[in-house]
Amino acid sequence: MEAAEAANERISNNYTKIRKLGEGTYAVVHQAKQLSTGRDVAIKKIKLGQFKDGLDMSAIREVKFLQELKHPNVIEVRPHSSS
């Protein structure tokens, strides 16, 4: 688990959270800025641990849907970390 935590720390240091945009059953979404590019991003942190088998299938389906979604008003999904 130490390797995952170290990777998450390196990735987290590249972003500055600006504000919380919302929270649902499966995740919390924050507006942030990528420090290396200045790009505005949304960070979606999926809640773990509340389900006995890890992630709920609805959360997995949502991530899959967001990865496939291409629309000018929606930013692209870029997976970055796991823990």
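Keep in mind the model is a prediction, meaning the values are calculated, not measured.

### Section: the overall build of the protein chain
Then step 1. In terms of helices and strands, the protein chain carries two helices and three strands.
Then step 2. Counting all 83 residues of the protein chain, 11% fall into the buried class.
Then step 3. Restricting to contacts in the protein chain with at least 6 residues of sequence separation, those with at least 24 account for 25%.

### Brief notes about the pattern of salt bridges
Then step 1. Within this structure, the stated rule accounts for four salt bridges.
Then step 2. A salt bridge links Lys33 to Asp40; the nearest nitrogen and oxygen atoms lie 2.9 Å apart.
Then step 3. Overall, the relative accessible area of 32% leaves Lys33 in the partly exposed class.
Then step 4. By relative accessible area, which is 45% here, Asp40 ends up partly exposed.
Then step 5. In this structure, Lys64 and Glu68 form a salt bridge, with 3.1 Å as the shortest nitrogen-oxygen distance. Of this pair, Lys64 and Glu68 are both found in helix α2 (residues 57–68), four residues apart, which corresponds to roughly one turn of the helix.

### Focus on the side chain of Gln34
Then step 1. Following the sequence through the fold, Gln34 ends up in strand β2 (residues 27–34).
Then step 2. Take Gln34: its relative accessible area is 8%, and that puts it in the buried class.
Then step 3. Residues contacting Gln34, with those up to four places away along its chain left out, are Asn14, Tyr15, Arg39 and Val41.

### Regarding the pairing of β2
Then step 1. The pairing of strand β1 (residues 15–23) with β2 spans seven bridges and is classified as antiparallel. Pairing of Thr16 across the sheet is with Lys33, part of β2.
Then step 2. Where β1 folds back onto β2 in an antiparallel hairpin, the turn is made up of three residues.
Then step 3. Here β2 runs beside strand β3 (residues 40–46); their pairing, made up of seven bridges, is antiparallel. Bridge pairing in β3 places Gln31 opposite Ala42.
Then step 4. Hairpin connection from β2 to β3: five residues lie between these consecutive antiparallel strands, with Gly38 at a positive phi of about 75°.

### Brief notes about the sheet that holds β2
Then step 1. Taking strand neighbours across the sheet as the criterion, the three strands line up as β1-β2-β3 in an open arrangement whose pairing is antiparallel. Bordering the open sheet on either side are β1 and β3, each of which pairs with just one other strand. Adjacent strand axes in the sheet meet at a mean angle of 30° when their direction is disregarded.

Cut-offs and rules
Residues numbered from 1 in each chain as written. Predicted model: local features only at pLDDT ≥ 70, side-chain atom pairs only at ≥ 80, totals over all residues. Heavy atoms only, no water. Helix = DSSP H or I, 4+ residues; strand = E, 2+ residues; numbered from the N terminus. Buried < 20%, exposed > 50% of the residue type's maximum accessible area, 1.4 Å probe, protein only. Contact = heavy atoms within 4.5 Å. Salt bridge = Lys/Arg side-chain N within 4 Å of Asp/Glu carboxyl O. Pairing = 2+ DSSP bridges. Axes fitted to C-alpha atoms, helices over the stretch in contact; angles between N-to-C directions.

Nothing here speaks to function; it is all geometry.
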